[in-house]
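Spelled out from the first residue to the last, the chains are:
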Amino acid sequence: MPKETGAEGRRPRGNVMDLSLWGYEFMRNAVLAGAFGGAACAAVGVLVVTMQLSFLGVAIAHAAFAGALCATILGASPFLGSLGFSLAAVAAVGPLADRGEFGPDTPIGIVFSLTLGLAFLFMGLLPGPRAEALDLLWGSILTVSRAEVALLAGMALAVALLVILFFKEIQAVIFHRELARAVGMPAQAIHYGLLIAVGLVITVSLPSIGGLLVFTLVLNPAAAAYQLTYSLKRMFLLAAVFGVASTWAGLLGSSLLRLPSGATIVLVSTAIFIAAAAFSPKRRVKKR
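Every chain is numbered on its own, with residues counted from 1 as its sequence reads. Per-residue local features of the predicted model are confined to residues with pLDDT of at least 70, and side-chain atom pairs are confined, for both listing and counting, to 80 or more; whole-chain, interface and lining totals are unaffected and use all residues. Processing note: side-chain calculations cover all non-hydrogen atoms of the structure and skip hydrogens and water entirely.

## Describing the overall build of the chain
Reasoning step 1: Put simply, DSSP H or I for four residues or longer makes a helix, DSSP E for two residues or longer makes a strand, and each gets a number counted from the N terminus. Regarding its fold elements, the chain presents 13 helices and 0 strands.
Reasoning step 2: Going from the N terminus to the C terminus, the chain shows its helices and strands as α-α-α-α-α-α-α-α-α-α-α-α-α.
Reasoning step 3: In the chain, which comprises 288 residues, the proportion classed as buried is 48%.
Reasoning step 4: Throughout, a contact is declared for two residues whenever any of their heavy atoms are within 4.5 Å. Taking the intrachain contacts of the chain between residues at least 6 apart in sequence as the baseline, contacts between residues at least 24 apart amount to 72%.
Reasoning step 5: Carbon and sulfur atoms provide 70% of the accessible area of the chain, an area that totals close to 13600 Å². Buried means the residue's accessible area, taken with a 1.4 Å probe over protein chains only, is under 20% of the maximum for its type, while exposed means over 50%, and partly exposed covers the values in between. Method for areas: the Shrake-Rupley scheme with a 1.4 Å probe, in which residue coverage is limited to the protein chains shown.

Below, the structure is given as structure tokens:
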């Protein structure tokens, strides 16, 4: 039985042990965080996959992790540190690609290598035990607070509104940025705005989902949805469903099998992608 902390009975850390824990508030918070975080990450994942920037999620996740460590060393808010570093990473990718006439993979790789080096450097400079750094790396979905759930809910709502209100512009920029600019759309601003949205979602999801898990929820559900439909609208919906299903099934599986919840969520999201790829109508079309 988990150790309770006060009237709410939240478990401070550990794996889900049995189904009786689903009556505790920490589990209800985890379920809500999984729903909002999974949906938001999967939705921006559609942008990442369709713009062929799959490595971007990894780079931003490491930038946010490095920023949180830097802020911890300075005695500042880890959230503000991760937000600043992730937005700086996003701001660097676009201009590097445009001015250097590189493909997107090159500037993303440069930013990733820089942030990875900074993360190792800051981790080495941390005084005392590194439990807080490991929490940021692995995440602690079982310890999210109501405030963190509310923040994830607000981010999921903001992403949904962004997609609904600017769907035509997003579709045009994803299809062909130069063509969108030629017809009078602010394609550059929209492109950078989408990159910023990816950075914000990853930053907000970092404390609860973790640096190693968050890019999995960005990439796998969106890649699975990409296998099953040609419609961008359906892709957003399917990705959100797959993201929520990955977190909920992962929490349930960890409860039944006594496995780490984060690792189980990763495995479930990967299994969903494998199943989608196996039954993909696009795969059958290519064979013909």
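## Let's talk about helix H4 (residues 105-125)
Reasoning step 1: In this model, H4 (21 residues) spans 30 Å end to end at C-alpha, consistent with the 30 Å of a helix rising 1.5 Å per residue.
Reasoning step 2: Turning to H4, its buried residues number three or more, namely Pro-107, Ile-108, Val-111, Phe-112, Thr-115, Ala-119, Phe-122 and Met-123. The buried side chains of H4 occupy one side of the element, clustering within an arc of 130 degrees when seen end-on. Facing away from the buried side of H4 by over 90 degrees, the exposed positions are Leu-114, Phe-120 and Leu-125. Residue count minus one, scaled by 1.5 Å, sets the expected span of a helix. Here the arc refers to the directions that run from the helix axis out to each C-beta atom.

## What to know about the nonpolar core
Reasoning step 1: Working definition of a nonpolar core: buried Ala, Val, Leu, Ile, Met, Phe, Trp, Tyr and Cys residues. They are joined through side-chain atoms within 4.5 Å. Core analysis: the biggest nonpolar cluster contains 69 residues, and Leu-56 and Phe-236 have the highest contact counts within it.
Reasoning step 2: Setting aside its immediate chain neighbours within four residues, Phe-236 contacts Ala-43, Val-46, Leu-47, Val-163 and Phe-167.
Reasoning step 3: Within the second largest apolar cluster, 8 residues are counted, among which are Ala-66, Ala-119, Phe-122 and Leu-126.

## Quick look at the packing of helix H7 (residues 167-175) against helix H9 (residues 187-209)
Reasoning step 1: Helix axes are fitted only over the stretch in contact, all axes being lines through C-alpha atoms; the angle between N-to-C directions runs from 0 to 180 degrees. Taken N-terminus to C-terminus, the directions of H7 and H9 make an angle of 95 degrees; their axes are 10 Å apart at the nearest point. As the angle between them shows, H7 and H9 are arranged roughly perpendicular. Where H7 approaches H9, its residues Glu-169, Ile-170 and Val-173 are matched on the opposing element by Ala-187, Ile-190, His-191 and Leu-194.
Reasoning step 2: Looking at side-chain class alone, the contact of H7 with H9 contains 5 nonpolar, 1 polar and 1 charged residues. For classification purposes, angles smaller than 35 degrees are called roughly parallel, those larger than 145 roughly antiparallel, those between 65 and 115 roughly perpendicular, and all remaining angles oblique. Following the grouping adopted for this structure description, the nonpolar residues are Ala, Val, Leu, Ile, Met, Phe, Trp, Tyr, Cys and Pro, the charged ones are Asp, Glu, Lys and Arg, and the polar ones are all others, Gly among them.

## Here's the deal with the packing of aromatic side chains
Reasoning step 1: The criterion for an aromatic pair is that two Phe, Tyr or Trp rings (for Trp, the six-membered ring) have centres within 6.5 Å, with stacked assigned to planes under 30 degrees apart, edge-to-face to planes over 60 apart and tilted to the rest. Per the stated rule, a full pass over the model turns up 2 aromatic pairs.
Reasoning step 2: On the numbers, 6.3 Å between centres and 75 degrees between planes, the contact of Phe-85 with Phe-122 is edge-to-face. Of the two residues, Phe-85 sits in helix H3 (residues 78-100) while Phe-122 sits in helix H4, which places them 37 residues apart along the sequence.

## A closer look at the environment of Leu-206
Reasoning step 1: Along the chain, the position of Leu-206 falls in helix H9.
Reasoning step 2: Counting along the chain gives 127 residues from Leu-206 to Phe-79, while the straight-line C-alpha distance between them is 8.6 Å.

## Points about the side chain of Asn-220
Reasoning step 1: Along the chain, the position of Asn-220 falls in helix H10 (residues 211-228).
Reasoning step 2: Residue classification places Asn-220 among the buried residues on the basis of a relative accessible area of 14%.
Reasoning step 3: N or O atoms closer than or at 3.5 Å make up a polar contact, with two conditions inside protein: a donor-capable atom paired with an acceptor-capable one, and, for residues adjacent in sequence, both atoms drawn from side chains. A distance of 3.1 Å separates polar atoms of two side chains, one belonging to Asn-220 and the other to Ser-269.
Reasoning step 4: Beyond its immediate sequence surroundings of up to four residues, Asn-220 is in contact with Val-266, Ser-269, Thr-270 and Phe-273.

## Looking at a nonpolar patch on the surface
Reasoning step 1: Each patch is built from residues that are more than 30% exposed by relative accessible area and take part in no salt bridge. Like charges join if they lie within 9 Å; nonpolar side chains (Val, Leu, Ile, Met, Phe, Trp, Tyr) join within 5 Å. Salt bridges are defined by distance alone: a side-chain nitrogen of Lys or Arg within 4 Å of a carboxyl oxygen of Asp or Glu. Side chains of Leu-157, Leu-161, Ile-164, Leu-165 and Phe-166 sit close together on the surface and give an oily, nonpolar patch of about 540 Å² of accessible area.
Reasoning step 2: Along the chain, Phe-166 turns up in the loop between helix H6 (146-165) and H7.
Reasoning step 3: You can call Phe-166 partly exposed: its relative accessible area is 42%.

## Some details on H6
Residue pairs spaced three or four apart in an α-helix point in one direction, given the helix's 3.6 residues per turn.
Reasoning step 1: For H6, which comprises 20 residues, the first-to-last C-alpha distance of 28 Å matches the rise-based estimate of 28 Å (1.5 Å per residue) to within 8%.
Reasoning step 2: Among all positions in H6, only Val-149, Leu-152, Met-155, Ala-156, Val-159 and Val-163 are buried. Buried residues of H6, seen end-on, are gathered within an arc of 125 degrees and therefore sit on one face of the element. When the buried face of H6 is taken as reference, the exposed residues oriented beyond 90 degrees from it are Arg-146, Ala-147, Leu-157, Ile-164 and Leu-165.
Reasoning step 3: Those residues of H6 that are buried are in contact with helix H1 (25-50), H7, H9 and helix H11 (232-257).

## Quick notes on the confidence of the model for the chain
Reasoning step 1: Chain-level pLDDT for the chain is 81 on average; 81% of the residues reach the 70-or-more range.
Reasoning step 2: In the model, residues 1-17 has pLDDT below 50 throughout and makes 49 contacts with residues more than four positions away in sequence or in other chains. As a per-residue measure, pLDDT tells how confident the predictor is, with possible values from 0 to 100.

## Observations regarding the packing of H1 against H11
Reasoning step 1: For the pair H1 and H11, interaxial distance at closest approach is 7 Å and the crossing angle is 140 degrees. Regarding the angle of H1 to H11, the classification is oblique. Between H1 and H11 lies a crossing of right-handed hand. Mapping the contact onto sequence places Ala-30, Val-31, Gly-34, Ala-35, Gly-38, Ala-39, Ala-42, Ala-43, Val-46, Leu-47 and Thr-50 in H1 and Leu-232, Met-235, Phe-236, Ala-239, Ala-240, Gly-243, Val-244, Thr-247, Trp-248 and Leu-251 in H11. With the far helix as reference, a near helix turned anticlockwise by less than a right angle produces a left-handed crossing, and one turned clockwise produces a right-handed crossing.

## Observations regarding the environment of Arg-28
Reasoning step 1: By the element assignment, Arg-28 lies in helix H1.
Reasoning step 2: Its relative accessible area of 44% is what places Arg-28 among the partly exposed residues.
Reasoning step 3: Sequence separation of Arg-28 and Arg-146 is 118 residues, and the distance between their C-alpha atoms is 9.8 Å.

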